[in-house]
Amino acid sequence: MKNRDTFSSKIGIVAASAGSAIGLGNIWKFPYMAGKNGGSAFIIIYLIAIILMGYPLVYTEFAMGRRAKTNAVDTFGIIGNKKTWNIVGFIAVLTVFLISTFYMMITGWVIYYFYHSLTGTLYNLSSATDSVMHFKAIFSHMSSSMSIPLIFSMIAIYMTALINSMGIKEGVEKYSKIMMPVLFVLFIFLIGYSATLPGFSKSMHFLFRPDFRLVTPQVIIGAIGQAFFSLSLGMGALITYGSYIAKTENIRQIARQVTLADTIIALFSGLLIFPAVFTYNLEPTAGPSLIFISLPQVFLKMPGGRWFSLLFFLLVIVAAITSMVSMLEILITYVIEKRNWSRKTSTWMVVIATTLGGAVNIAGEGPLSYITVGGRTIFSWLDYLTNNITIPLVAVLTAIIAGWVWQTTRLNKELEIGAASSTKLDHYFNLLLKWVIPPVIVILMIALLLGAES
Ligand code: PFF
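As a starting point, this report considers the structure included with it. The model shown is predicted, which means the values in this text are computed figures rather than measured ones. (Residues numbered from 1 in each chain as written. Predicted model: local features only at pLDDT ≥ 70, side-chain atom pairs only at ≥ 80, totals over all residues. Heavy atoms only, no water.)

1. Details of the site of the ligand
- Taken together, 17 residues form the shell around the ligand, and within it A21, G25, Y103, F229 and S232 come nearest.
- Take L24: an N or O atom from its main chain is 3.1 Å from an oxygen atom of the ligand.
- Here F229 contributes a backbone N or O atom positioned 2.8 Å from a nitrogen atom of the ligand.
- In isolation the ligand exposes 340 Å². Once the protein is present, 100% of that is buried.
- Mapped onto the shell around the ligand, the elements with two or more residues apiece are α1 (10–21), α2 (24–36), α5 (86–119), α10 (217–230) and α14 (305–339).
- Considering every element that reaches the shell around the ligand, the biggest residue donor is α14, with 4 residues.
- The class makeup of the residues in the shell around the ligand is 9 nonpolar, 8 polar and no charged. (Near = heavy atom within 4 Å. Polar contact = N/O pair within 3.5 Å; in protein donor to acceptor, adjacent residues only side chain to side chain. Areas by Shrake-Rupley, 256 points an atom, 1.4 Å probe, with all protein chains shown as cover. Helix = DSSP H or I, 4+ residues; strand = E, 2+ residues; numbered from the N terminus. Nonpolar A, V, L, I, M, F, W, Y, C, P; charged D, E, K, R; others polar.)

Now the structure itself:
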């Protein structure tokens, strides 16, 4: 096999992995999930899930990847010492493919909003028009069309593929190191502005004062699923990036930094969005359309709102593209190693497949939206199935394969390469991997299948 590329610096690995983790999941999904599920009670469960389940799985995925030094599918066979375990990797890769097909659609929507913020057409309404109707009309005009989202989502995927086609060091690492600081600067600037809005303290209450009566099995599953999605777990992303990490790096330390960055951005996205929502008396529970229908109304009303709008959508684009880079990388690494094709050929094959899948999602939201199963569109099904079934399934099997089959002694050995020896606390986290993650997820998945989800 040809020489495998590697990340050239720790900062590059952290930027690329945080870039993978921080995405639409943080800025678009986390606020509306928290909004829909009662705010702070959801957030507390989310935080517990991040610390007790997310962090151990982050370092485990990195360690598995670095140990096996191959694509996400074969990694499971190598770590589990039996080829049949490859099936788990296959589910992970299939999951990320399905996710990338709707992720590109939503990123396309965001680019459309950015473009119309830039030209000003997003806010072009006569004073007689009701602003709610105006933004609803823009959203439905966009999402019900076939060509508009297709063109904009193709822009998203081609920008992404361009980065991937240049390789790990010269593409993924180099551009993550440019894009992540841009993301942080935009974020801090926007938060600073949000904090001056009168709704800020109300959102602090909403986000940080829990009401545990609102906690149901469904909320718990939703919070854990969201924690995994946000950390890019259960999809082979961190395994793939791990396979490009050099033996001189301290994986636990990288895992801590990535987990922390992702969590901070999720929490602060709430503080970015909700003050505006509360200041202008909008519903925090609006759902997926929160950033497309509710937020633009706020941008319209607040002083300097159009600039805010422009920078906000730019922020979301940067976050989404660095996540898409990691999604494509999983698929590309797999294709390169299975087919022995060049990186360029593999990248374009993956782009074609993803674009076709994207077109199916776009049609399902647009011209074919009358076709629903159980009231859900294709996108809604894919989101539901991946978040509630395949991601937790891969996560639980990862914990079992790493904790029980590979065993924590060998996991620790890998983790101690490039690092000091494990502390007591490190051992406790490994225990979670063996004894807590598998039963908790299995019980919750059974509860879900038995109909806890309404
Ligand atoms: N973690 C990303 C987000 O929160 O938006 C989503 C994601 C990235 C999922 C990379 C899967 C993946 F491979």
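Back to the write-up after that little detour.
2. Quick look at the nonpolar core
- F7, F62, Y113, F228, L272, F292 and F312 are the most contacted members of the largest nonpolar core, which has 158 residues in total.
- Here this core takes 21 residues from α14, the largest share from any one element.
- The residues touching F62, leaving out its near neighbours within four places in the chain, are S17, L238, Y241, G242, I245, I251, I254 and A255. (Core = buried A, V, L, I, M, F, W, Y, C linked by side-chain atoms within 4.5 Å. Buried < 20%, exposed > 50% of the residue type's maximum accessible area, 1.4 Å probe, protein only. Contact = heavy atoms within 4.5 Å.)

3. Thoughts on the pattern of salt bridges
- If you walk through the whole model with that rule in mind, you get 10 salt bridges.
- Salt-bridge contacts for R67 lead to E414; the nearest nitrogen and oxygen are separated by 3.9 Å. A residue pair is termed long-range when its members are at least 10 positions apart, and R67 in helix α3 (residues 40–68) and E414 in helix α16 (residues 378–415) qualify at 347 residues. (Salt bridge = Lys/Arg side-chain N within 4 Å of Asp/Glu carboxyl O.)

4. Describing the packing of aromatic side chains
- Enumeration over the complete set of coordinates arrives at 29 aromatic pairs.
- Both rings, one in F139 and one in F292, keep their centres 5.5 Å apart while their planes meet at 25 degrees; by these two values the pair is stacked. Of this pair, F139 sits in helix α6 (residues 131–143) while F292 sits in the loop between α12 (251–279) and α13 (294–301); the two residues are 153 residues apart in sequence, bridging distant segments of the chain. Note on accessibility: F139 and F292 belong to one class, buried. (Phe/Tyr/Trp six-rings, centres within 6.5 Å; stacked < 30°, edge-to-face > 60°.)

5. A few points about α14
- End to end, α14 covers 50 Å across 35 residues, agreeing with the expected 51 Å (1.5 Å per residue, within 8%).
- With 29 of 35 residues buried, α14 lies mostly within the body of the structure.
- Remark: N340 follows α14 within two positions and exhibits a positive phi of approximately 65 degrees. (Expected span 1.5 Å × (residues − 1).)

6. Quick notes on unusual backbone geometry
- In this model, N81 sits at a positive phi of 60 degrees, which is unusual for a non-glycine residue.
- Mapped onto the secondary structure, N81 falls in the loop between α4 (72–80) and α5.
- For Q407, which is not glycine, the phi dihedral falls at a positive 80 degrees.
- Positionally, Q407 belongs in helix α16.

7. Focus on helix α7 (residues 147–165)
- The first and last C-alpha atoms of α7 sit 26 Å apart over 19 residues, in line with the 27 Å expected at 1.5 Å per residue.
- Along α7, the residues that are buried comprise I148, P149, F152, S153, A156, I157, T160, A161, I163, N164 and S165.
- The inward-facing, buried residues of α7 abut α5, α6, α8 (168–194), α14 and α15 (343–365).
- Looking at the residues trailing α7, positive phi occurs at G167, about 100 degrees.

8. Overview of the environment of D211
- When you line up the elements, D211 lands in the loop between α9 (200–208) and α10.
- Taking C-alpha positions, D211 is 32 Å from M235, a pair spaced 24 residues apart along the chain.
- Setting aside chain neighbours within four positions, we find D211 in contact with S40 and A41.

9. Examining the side chain of T70
- Within the fold, T70 resides in the loop between α3 and α4.
- On the basis of relative accessible area, T70 is assigned to the buried category, the value being 11%.
- Of the polar contacts made by the side chain of T70, one reaches the side chain of N71; its length is 3.3 Å.
- Here E337 takes part through its side chain, which lies 2.8 Å from a polar atom of the side chain of T70.
- If near-sequence neighbours (up to four positions away) are discounted, T70 is found in contact with R4, G65, T75, I78, S243 and E337.

10. Focus: the packing of α2 against α12
- Between α2 and α12, the shortest axis-to-axis distance is 9 Å and the interhelical angle comes to 70 degrees. With respect to their mutual orientation, α2 and α12 come out roughly perpendicular. The element α2 and its partner α12 pack so that their crossing is right-handed. Residues N26, I27, F30, P31 and G35 of α2 pack against D262, I265, A266, L267, S269, G270, I273 and F274 of α12.
- Of the residues that constitute the contact of α2 with α12, the class distribution is 8 nonpolar, 4 polar and 1 charged. (Axes fitted to C-alpha atoms, helices over the stretch in contact; angles between N-to-C directions. Parallel < 35°, antiparallel > 145°, perpendicular 65-115°, else oblique. Left-handed = near helix turned anticlockwise from the far one by under 90°.)

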